[in-house]
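What the coordinates show
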Amino acid sequence: MYDKESGQLLTGSYMDYAMPRSDDLPSFKGATKVTPCTHNPLGAKGCGEAGAIGAPAALMNAVHDALSASGVQYLDMPATPHRVWQALQTARQ
Amino acid sequence: MYAFEYQRAKSVADAAAALAKTGGKALAGGQSLVGAMKLRLANPGTLVDIAGIAELKGIKQDGAAVVIGAMSTHAEVASSAMVKKAIPALAALAEGIGDRQVRNRGTIGGSLANNDPAADYPAAVLALGATVQTNKRKIAADEFFKGMYETALGADEIITAISFPVPKKAAYVKFRNPASRFALVGVFVAQTQNGVRVAVTGAAAHVHRATAIENALAKSFTADAAKAVKIPADHLNTDLHGSAEYRAHLVSVLASRAVAAAG
């Protein structure tokens, strides 16, 4: 994140840039589902950064779902505790 | 890091003399100071290492107080059977500082002398009404914390021990900054022999007492009473992790959780 006025980098170290740690990771089960691509002879698909593309959208959908009952219509990433609290305060007013 | 001289002190008197002579800084566990030096935010000409001084170590009971030597590490406080029995909230606080590496090196005296605005120990010292003992005098908690990274300590004054009166009940709850894991806000609530004391860290320039919550809890020591207090956001910190208003909100919420945890 950069300061809007000065352009100064605000998240210059891991003291300010939230790097997920091992205890942030939920437990999960892995599974594979084979769906070959029908448009090429190998049946191969591009699958790079699957976690980086689908996961944030799924997570923000879940956050919106949880907050919708309180009247929150829209929330930008990242869903930090402060931003979620602020969205709830604004929706209540 | 800038170049510096290193001296290992054998005794408190030895360390005080070296500090007075060189104008250097005392090195305890180095968990804040060395990091600041690496970033060239601190430039002490001389480091006087006091971590190995035997007379600064050890935890003992002294009547109705627990006295902790200044060079006791967070891990030693967290695992002390005496602290766990007399002031479990203090042992739990020590267990929650930083990570295992920090707890094995960082010391209570170093943390207090540094007085980081988001440090945990200052909240315990202020809420429990502890006394900071130095090589020159005894300083009451209410007189010790002066400002951001500022204390009542003189240049060649060294914390030797901290005396914590055993409270009737106490608890510390912090809300961690998701990036640094420091306290975005931390609240220590104590029912002491001299009434209810509530200390807040992380929220402002330095640790302070939340007198409005103290007054509410003196009337009714319940989580609801603490939560009902509306804390003004004036003078609280705003940064990219939380606004002053959010921190004000957290003070009441965490105080109520601390009251519930104190039982």
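Residues numbered from 1 in each chain as written. Chains lettered and ligands numbered in written order. Predicted model: local features only at pLDDT ≥ 70, side-chain atom pairs only at ≥ 80, totals over all residues.

So, on to the overall build of chain A. Assigned secondary structure in chain A consists of two helices and zero strands. Taken over C-alpha atoms, the radius of gyration comes to 19 Å for chain A, far larger than the 12 Å a tight globule of 93 residues would show. Taken over the C-alpha atoms alone, chain A extends approximately 55 × 35 × 30 Å along its principal axes. Each of the 93 residues in chain A was classed as buried or not, and the buried ones make up 2%. (Helix = DSSP H or I, 4+ residues; strand = E, 2+ residues; numbered from the N terminus. Rg over C-alpha atoms; globule rule 2.2 N^0.38 Å. Buried ≥ 20, exposed ≤ 12 C-beta atoms within 10 Å, placed from the backbone.)

Time to look at the interface of chain B and chain A. Opposite the nine residues of chain B that make contact, chain A presents eleven residues. In terms of residue class, the side of chain B that touches chain A is made up of four nonpolar, five polar and no charged. (Contact = placed C-beta atoms within 7 Å. Nonpolar A, V, L, I, M, F, W, Y, C, P; charged D, E, K, R; others polar.)

Residues and elements named next belong to chain B. With antiparallel pairing, the five strands of this open sheet are ordered in space as β4-β5-β10-β6-β7. Every other strand in the sheet has two partners, leaving β4 (59-62) and β7 (138-140) as the edge strands with one partner each. Taken pair by pair, the neighbouring strands of this sheet meet at an average axis angle of 25°, ignoring direction. Sheet analysis places β4 next to strand β5 (residues 65-69), joined by four bridges and oriented antiparallel. (Pairing = 2+ DSSP bridges. Axes fitted to C-alpha atoms, helices over the stretch in contact; angles between N-to-C directions.)

So, on to the confidence of the model for chain B. Within chain B, residue pLDDT values average 97, and 100% of them lie at 70 or more. Across the whole predicted complex the pTM is 0.91, and at the interface the ipTM reaches 0.78. (pLDDT = per-residue confidence, 0-100.)

Turning our eyes to something else, we now look at the sheet that holds strand β12 (residues 183-192) of chain B. All names here are of chain B. Judged by pairing direction, the sheet is antiparallel, and its four strands sit side by side in the order β11-β12-β13-β14 without closing on themselves. Strands with a single pairing partner mark the edges of an open sheet, and in this sheet they are β11 (169-176) and β14 (208-209). By the bridge criterion, eight bridges tie β11 to β12 in an arrangement that is antiparallel. Residue pairing in the sheet places R176 in a bridge with A183 of β12. This element, helix α10 (residues 211-219), spans β13 (195-201) and β14 of the sheet and lies at about 150° to β13. Contacting β11, β12 and β13, helix α12 (residues 244-262) crosses the sheet at an angle of about 40° to β12.

Moving on to the domain arrangement of chain B. Domain boundaries in chain B define domain 1 (5-49), domain 2 (59-165) and domain 3 (169-262). For domain 1 of chain B versus domain 3 of chain B, the separation of C-alpha centres amounts to 33 Å. (Domains from an automatic or database assignment.)

Residue and element names in this part refer to chain B. Grouped together as the largest cluster of nonpolar side chains are 86 residues, with contacts concentrated most on I50, V187, V189, V251, A255 and A258. Per element, the largest residue contribution to this core is nine residues, and it comes from α12. Here V251 is in contact with V185, V187, V200, A203, A210 and I231, once residues within four sequence places are set aside. (Core = buried A, V, L, I, M, F, W, Y, C linked by C-beta atoms within 7 Å.)

Within the secondary structure layout, G242(B) lies in the loop between α11 (223-227) and α12. Classification of G242(B) as buried rests on a count of 26 C-beta atoms within 10 Å. Between the C-alpha atoms of G242(B) and S80(B), which are 162 residues apart in sequence, the distance is 35 Å. With sequence-adjacent residues up to four places away left out, G242(B) is seen in contact with H82(A), L184(B) and R247(B).

Now for the pairing of β12(B). All names here are of chain B. Judged by how many residues are buried, β12 sits mostly within the fold: eight of ten residues are covered. In sequence, β11 turns back onto β12 through a hairpin of six residues, with R181 there showing a positive phi of about 70°. Pairing geometry for β12 and β13, over seven bridges, is antiparallel. Across the sheet, residue G186 finds its bridge partner in β13, namely T201. Counted between consecutive antiparallel strands, the loop separating β12 from β13 contains two residues.

Here we come to unusual backbone geometry. Of note, the bond from M77(A) into P78(A) is cis; its omega dihedral lies within 30 degrees of zero at -5°. We note that R181(B) has phi near 70°; this positive angle belongs to a residue other than glycine. Structurally, R181(B) is set in the loop between β11 and β12. Taking the number of C-beta atoms within 10 Å as the measure of exposure, R181(B) has 18 and is therefore partly exposed.

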